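Spelled out from the first residue to the last, the chains are:
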Amino acid sequence: MAIRNVTVASTTRSLDADMTVDEFKEWLRRFDVDRDGRISRDELRRAMRAIRARFTGWRSRQGISYADADGDGYIDDSEVDGLIEFAQKSLGLKIVAY
């Protein structure tokens, strides 16, 4: 996969290295364009495009389906853990707790 670098907390880091859960959440918040505290499918698609993931439309639908526990079509704070699991399994991101 062509995932190389992402900007987190004003620094560029390789996605080949570990990213903490807090760094992932901070990075994801940048794509919450309407600032409603939730990530929509379109916002998730933009986030995936930023890391040069392929098939972002399909993967964003899969990510929402995987993590959206209440079925409202959005990922909120209580559902981010499911999105982290999806990102690790389907996008190859290395996200750790520390």
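What counts, and where the lines are drawn
- Residues numbered from 1 in each chain as written.
- Predicted model: local features only at pLDDT ≥ 70, side-chain atom pairs only at ≥ 80, totals over all residues.
- Heavy atoms only, no water.
- UniProt positions renumbered as here; feature names shortened; annotations may be inferred.
- Helix = DSSP H or I, 4+ residues; strand = E, 2+ residues; numbered from the N terminus.
- Buried < 20%, exposed > 50% of the residue type's maximum accessible area, 1.4 Å probe, protein only.
- Arc of directions from axis to C-beta.
- Phe/Tyr/Trp six-rings, centres within 6.5 Å; stacked < 30°, edge-to-face > 60°.
- Lys NZ or Arg CZ within 6 Å of the ring centre and 35° of its normal.

A.B. asks: Quick question: what am I supposed to make of the UniProt feature "domain: EF-hand" (unreviewed entry) in the protein chain here?
C.D. replies: Residues annotated in UniProt with the feature "domain: EF-hand" (unreviewed entry) correspond here to residues 19–54. For the annotated span residues 19–54, helix accounts for 53% and strand for 6% of the residues, and the straight-line distance between the end C-alpha atoms is 20 Å.

A.B. asks: Quick question: what am I supposed to make of helix α1 (residues 21–29) here?
C.D. replies: Along an α-helix, residues three or four positions apart point the same way, because every turn accommodates 3.6 residues. All of the buried residues in α1 are V21, F24, W27 and L28. Along the axis of α1, the buried residues cluster in a sector spanning 125°; they form a single face. Across from the buried face of α1, at angles greater than 90 degrees, the exposed residues are D22 and R29.

A.B. asks: Help me understand unusual backbone geometry in this model?
C.D. replies: A positive phi angle is found at R35, which is not glycine, with a value near 55°. Positionally, R35 belongs in the loop between α1 and α2 (41–50). Under the relative-accessibility criterion, R35 is labelled exposed at 60%. The backbone phi angle of F55 is positive, close to 55°, even though this residue is not glycine. Here F55 falls in the exposed class, since its relative accessible area comes to 57%.

A.B. asks: Where do I start with the packing of aromatic side chains in this structure?
C.D. replies: Each pair of aromatic rings is reported with the distance of its centres and the angle of its planes. Taken as a whole, this structure holds three aromatic pairs when the rule is applied. Their ring planes at 45° and their centres at 5.9 Å tell us that F24 and W27 sit as a pair that is tilted. Taken as a pair, F24 and W27 lie in helix α1 at a separation of three residues, close to a single helical turn. Measuring from ring centre to ring centre gives 5.2 Å for W27 and F31, while their planes differ by 70°; the resulting arrangement is edge-to-face. Put simply, the rings of F24, W27 and F31 pair up and form one aromatic cluster. Of note, R38 hangs over the ring of Y74, and the distance from its end group to the ring centre comes to 3.6 Å.

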